[in-house]
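# Descriptive analysis of the structure
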Amino acid sequence: MAEEARDAVVIPIGTGGRPGRGTGSARPSSAARNLAPAAKRSPRRPAPRKPAAPGPDAPRAVEPAEQPVAEQPATEQTAAGRTATPRAERIAEAAPTTGIPVGDWLSAFQGAAHEVFGADWERRLAELMAFARRRLEGDFEIDDYGFDRELTERFFMAALRPVAEKWFRLEVRGLDNIPAEGGALVVSNHSGTVPVDGLMTMLAVHDHAGRFLRPLGADLVFKMPVVSSLARKSGATLACVEDAERMLSGGDLVGVWPEGFKGIGKPFSERYKLQRFGRGGFVSAALRTGVPIIPLSVVGAEEIYPLVGNVPSLARLLGVPYIPITPFFPWLGPLGLVPLPSKWILEFGEPIRTDAYDATEAEDPMLVFNVTDQVRETIQHTLFDLLRDREGVFG
């Protein structure tokens, strides 16, 4: 038996039962392979023991939120390359106090506001906020012509005032000839290529006489989208006899420029030479209402945009009276629209009374012509006198 066992052929495991493959190491069985990963696993870590309660003398543990912010990066780089911002409360807690104190900022702001707006800047700021609140709530009034007194006084006049005082250096004469109340008709010469003289006259009457001048504008003014709305809100209305009589009867101070576009569009070589005063419709309105006519002469407006040329064909194409060409426009582009800083003088003449006439005499063409010619001659002679007294165009 022992000899039979010694003579038996030994078949290695994993050779497929084939003899003659040698005695190399045998491949493990499937059961052995399944057990192999378990054998390679790291031994189980013991569960952390619960720390004992700290004694009264033990140091207090620092919570994550209480850790110094310097140890926490301002931004964390994620795996995708994006940055994550820390929580807002951590930033607020970590904000350094190295800036200027709030009290110093407030003092600096008050000092700057005092320099810019004057000592009463707080009152002005309160008035501005109250004005804005009233406008948003619709708590404001306009008359039948669309005139907004509050908007005109606070914004339009405030915007024109620096130009009149600093740029044109307005000088106003004959303020005693403007009535303190009641209707009156102010008749002025017209010049300047752009009707800036009308705006300066409105400001001079408001600031020096304390009244609003209601100008009569041409049809073109009320056909322009933005200009029409601004003109209505500032007190202007269409230059027609009906509106003029209605406002004069209501005690308003009405302004008219009888030369129209012929006056502001005349060449620089004809400066301060009055053009024709139309048909005298303003005189008829004054005769019917019995209000005085106040002649106004304006010197200085002719030089702000010296008109040296015109493009009639282009003006007819665009539907405007003229296309001005000045020494600076259109050659300098928008810079050529800046008016020259000429010295302005406004003189209100003695009133021409019309209350001595009967209202029916307004239909007499000869009387209307005589009064119109009287107003025109008064303005023309006053212009010549002012030009002789003026030291220089920009003086």
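Along each chain, residue indices are assigned from 1 in the same order as the chain's sequence is written. Only residues with pLDDT of at least 70 get local features here, since the model is predicted, and only at 80 or more are side-chain atom pairs given and counted; chain-wide, interface and lining totals rely on the full set of residues. To get the side-chain values, all heavy atoms of the structure are used, and hydrogens and water are removed first.

Where an unreviewed UniProt entry is consulted, the protein chain appears under the name 1-acyl-sn-glycerol-3-phosphate acyltransferase, with the organism given as Nocardioides hwasunensis.

## What about the overall build of the protein chain?
Secondary structure is summarised from DSSP: a helix means a run of H or I of at least four residues, a strand means a run of E of at least two, and numbering begins at the N terminus for each. Scanning the protein chain from terminus to terminus reveals 13 helices and 11 strands. Accessibility here uses a 1.4 Å probe with only protein chains present; expressed as a share of the type maximum, an area under 20% marks a residue as buried, one over 50% as exposed, and anything in between as partly exposed. Each of the 395 residues in the protein chain was classed as buried or not, and the buried ones make up 31%. Taking the intrachain contacts of the protein chain between residues at least 6 apart in sequence as the baseline, contacts between residues at least 24 apart amount to 74%. Reported accessibility uses the Shrake-Rupley method at a 1.4 Å probe radius. Residues are deemed covered only where the shown protein chains occlude them. Summed over all atoms, the accessible surface of the protein chain reaches about 25600 Å², with 58% contributed by carbon and sulfur. Contact between two residues is taken to exist if any of their heavy atoms lie within 4.5 Å; hydrogens are not considered.

## Some words on the packing of aromatic side chains
Two rings belonging to Phe, Tyr or Trp (six-membered ring only in the last case) form a pair when the distance between their centres is within 6.5 Å. Interplanar angles under 30 degrees mark stacking, angles over 60 mark edge-to-face geometry, and anything in between is tilted. Inspection of every chain in the model, using the stated rule, returns 3 aromatic pairs. Ring geometry for Phe277 and Phe282: centres 6.3 Å apart, planes at 70°, overall edge-to-face. On the basis of relative accessible area, Phe277 is assigned to the buried category, the value being 4%. Residue classification places Phe282 among the buried positions, given a relative accessible area of 9%. For Arg271, the ring lying beneath its charged end belongs to Phe268, and the centroid distance is 4.1 Å. A positively charged side chain is recorded as over a ring if its NZ (Lys) or CZ (Arg) lies within 6 Å of the ring centre. The angle to the ring normal must also be within 35 degrees.

## What to know about the environment of Val291
Inspection of the secondary structure puts Val291 in the loop between helix 11 (281–289) and strand 8 (293–299). Looking at Val291, the relative accessible area reads 7%, which means it is buried. Each C-alpha atom of the pair Val291 and Thr354 lies 6.1 Å from the other, and the pair is 63 residues apart in sequence. If near-sequence neighbours (up to four positions away) are discounted, Val291 is found in contact with Gly183, Ala184, Leu185, Leu248, Ala286 and Thr354.

## With respect to the nonpolar core
The nonpolar side chains of a soluble globular protein tend to be buried with one another. Among the buried residues, those of types Ala, Val, Leu, Ile, Met, Phe, Trp, Tyr and Cys that are joined through side-chain atoms within 4.5 Å form a nonpolar core. Core analysis: the biggest nonpolar cluster contains 30 residues, and Leu185, Val187 and Ile293 have the highest contact counts within it. Listed by contribution, the elements that provide at least two residues to this core are strand 4 (184–188), helix 9 (241–249), strand 7 (253–256), helix 11, strand 8 and helix 13 (365–389). Examining the composition of this core, we find that 7 residues originate from one element, helix 13, more than from any other. Formed by 26 residues, the second largest nonpolar core is a distinct cluster that contains Ala164, Val205, Ile294 and Trp344.

## Notes on the side chain of Thr193
Secondary-structure assignment places Thr193 in the loop between strand 4 and helix 7 (196–209). Look at Thr193 and you get buried, because its relative accessible area is 6%. Between N or O atoms, a polar contact is any pair within 3.5 Å; within protein, one atom must be a potential hydrogen donor and the other a potential acceptor, and residues adjacent in sequence are included only when both atoms are from side chains. Here the side chain of Thr193 touches Tyr305 through a polar contact of 2.8 Å, landing on its backbone oxygen. Apart from residues lying up to four places away in sequence, Thr193 is in contact with Ile264, Tyr305, Leu307, Tyr322 and Pro324.

## Here's the deal with a nonpolar patch on the surface
Here, patches come from residues exposed beyond 30% relative accessible area and free of salt bridges, joined within 9 Å for like charges and within 5 Å for nonpolar side chains (Val, Leu, Ile, Met, Phe, Trp, Tyr). Any carboxyl oxygen of Asp or Glu within 4 Å of a side-chain nitrogen of Lys or Arg constitutes a salt bridge here. Together, Val163, Trp167, Phe328, Trp331, Leu332, Leu335 and Val338 make up a nonpolar patch on the protein surface, roughly 690 Å² of accessible area in all. Using a relative accessible area of 44% as the deciding quantity, one classes Leu332 as partly exposed.

## Thoughts on unusual backbone geometry
Here the bond from Phe329 into Pro330 is cis, since omega is 5°, no more than 30 degrees from zero. Of note, Pro330 is situated in the loop between strand 10 (324–325) and strand 11 (345–348). At Tyr272, a residue that is not glycine, the phi angle is positive and equals roughly 60°. For Tyr272, a relative accessible area of 3% puts it in the buried group.

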